[in-house]
Amino acid sequence: MLQKCLGILILLFMFFSVGQSLAANTQRQDTTRRLYDRVMDEFKHRDYKAAMAGFQLFIELHSESALAANAQYWIGECQYRMGRYRDALKSFNEVVSNYPLSPKLVASTLKLGQTYTKLRDHETARLMFDRVVGQYPDSSEAELARKAIEAAAPAEDSTNQSP
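Throughout what follows, the structure given in this document is the object of discussion. Keep in mind that what you see is a predicted model, and the values were worked out from it rather than measured.

### Structural notes on the environment of L101
- Relative to the elements of secondary structure, L101 occurs in the loop between α5 (85-98) and α6 (105-118).
- For L101 and A69, which are 32 residues apart along the polypeptide, the C-alpha to C-alpha distance reads 9.3 Å.

Written out as structure tokens, the structure reads:
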């Protein structure tokens, strides 16, 4: 964990040294991308706490970056995987609300449905899944949403039937 934090700190140092110089914008973009990729490695290694902190720092430093929406999505994914479902809802909602053109919009909407399912709010989950299917019918997320709707259907049928 200490090595990971040091790695992030080194990247931050590199960012500030590049940012203070009048280096070409591409160098800054390269450093931004390296920081994002470094934090993504934390996520891939299932160190969700470190990844979440890294993505939060990334957004603080690079809020105007094209990767900011992705970082916000991954914060929600970290929270989801750590069982912090209410926090995950806020993060995924932030992507939907603040980054309407993001490539992570559909995935965030799907994750909202999955998170509401975890919180046993099946009605709101269904609304999110329906939104994914209705607005993005050919996406891979729509296929997952359809499966979630189908999986919930037997449970809904048994609660709607009277003895």
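Now, onward.
### Description of the packing of α5 against α6
- Taken N-terminus to C-terminus, the directions of α5 and α6 make an angle of 155 degrees; their axes are 9 Å apart at the nearest point. On the basis of the axis angle, α5 is roughly antiparallel to α6. Like other packed secondary-structure pairs, α5 and α6 cross with a definite hand, here left-handed. When α5 is examined against α6, the residues Y85, A88, L89, F92, N93, V95 and V96 are found in contact with a partner set consisting of L105, S108, T109, K111, L112, T115, Y116 and K118.
- Residues of the contact of α5 with α6, tallied by class, amount to nine nonpolar, four polar and two charged.

### What to know about the pattern of salt bridges
- On inspection of all chains with the given rule, the structure shows seven salt bridges.
- The salt bridge partner of R38 is E42, with a shortest N-O separation of 2.9 Å. Separated by four residues within a single helix, R38 and E42 lie in helix α2 (residues 25-44), roughly one turn from each other.
- Here R38 falls in the partly exposed class, since its relative accessible area comes to 24%.
- Take E42: its relative accessible area is 1%, and that puts it in the buried class.
- Salt-bridge contacts for D130 lead to R126; the nearest nitrogen and oxygen are separated by 3.0 Å. Pair noted here: D130 and R126 are both in helix α7 (residues 122-135), with a separation of four residues, about one helical turn.
- Note on D130: relative accessible area 34%, which makes it partly exposed.
- Using a relative accessible area of 31% as the deciding quantity, one classes R126 as partly exposed.

### What about helix α3 (residues 48-61)?
- Under the 1.5 Å per step criterion, the end-to-end length of α3 is 20 Å for 14 residues, consistent within 8% with the ideal 20 Å.
- Those residues of α3 that fall on the buried side of the exposure criterion are Y48, A50, A51, M52, G54, F55, F58 and I59.

### Quick notes on the packing of aromatic side chains
- Inspection of the entire model under this criterion finds seven aromatic pairs.
- Measuring from ring centre to ring centre gives 5.4 Å for Y80 and Y85, while their planes differ by 70 degrees; the resulting arrangement is edge-to-face.
- With a relative accessible area of 15%, Y80 lands in the buried category.
- Given the relative accessible area of 22%, Y85 is considered partly exposed.
- Three or more aromatic residues joined by ring pairs form one cluster here, namely F43, Y48, Y73, W74 and F92.
- Directly above the aromatic system of Y73 lies the positively charged group of K104, at a separation of 4.6 Å from the ring centroid.

### Points about the side chain of S102
- Positionally, S102 belongs in the loop between α5 and α6.
- Relative accessible area serves as the criterion here: at 12%, S102 is assigned to the buried category.
- Every residue in contact with S102, bar those within four places of it in the chain, is listed here: A69, N70 and V95.

### A few points about the environment of V95
- Within the element layout of this structure, V95 appears in helix α5.
- On the basis of relative accessibility, which here comes to 0%, the residue V95 falls in the buried class.
- Spatially, the C-alpha atom of V95 lies 8.2 Å from that of N70, the residues being 25 residues apart in sequence.
- The contacts of V95, once residues within four sequence positions are left out, are A69, Q72, Y73, P100, S102, K104, L105 and S108.

Criteria and cut-off values
- Residues numbered from 1 in each chain as written.
- Predicted model: local features only at pLDDT ≥ 70, side-chain atom pairs only at ≥ 80, totals over all residues.
- Heavy atoms only, no water.
- Helix = DSSP H or I, 4+ residues; strand = E, 2+ residues; numbered from the N terminus.
- Axes fitted to C-alpha atoms, helices over the stretch in contact; angles between N-to-C directions.
- Parallel < 35°, antiparallel > 145°, perpendicular 65-115°, else oblique.
- Left-handed = near helix turned anticlockwise from the far one by under 90°.
- Contact = heavy atoms within 4.5 Å.
- Nonpolar A, V, L, I, M, F, W, Y, C, P; charged D, E, K, R; others polar.
- Salt bridge = Lys/Arg side-chain N within 4 Å of Asp/Glu carboxyl O.
- Buried < 20%, exposed > 50% of the residue type's maximum accessible area, 1.4 Å probe, protein only.
- Expected span 1.5 Å × (residues − 1).
- Phe/Tyr/Trp six-rings, centres within 6.5 Å; stacked < 30°, edge-to-face > 60°.
- Lys NZ or Arg CZ within 6 Å of the ring centre and 35° of its normal.

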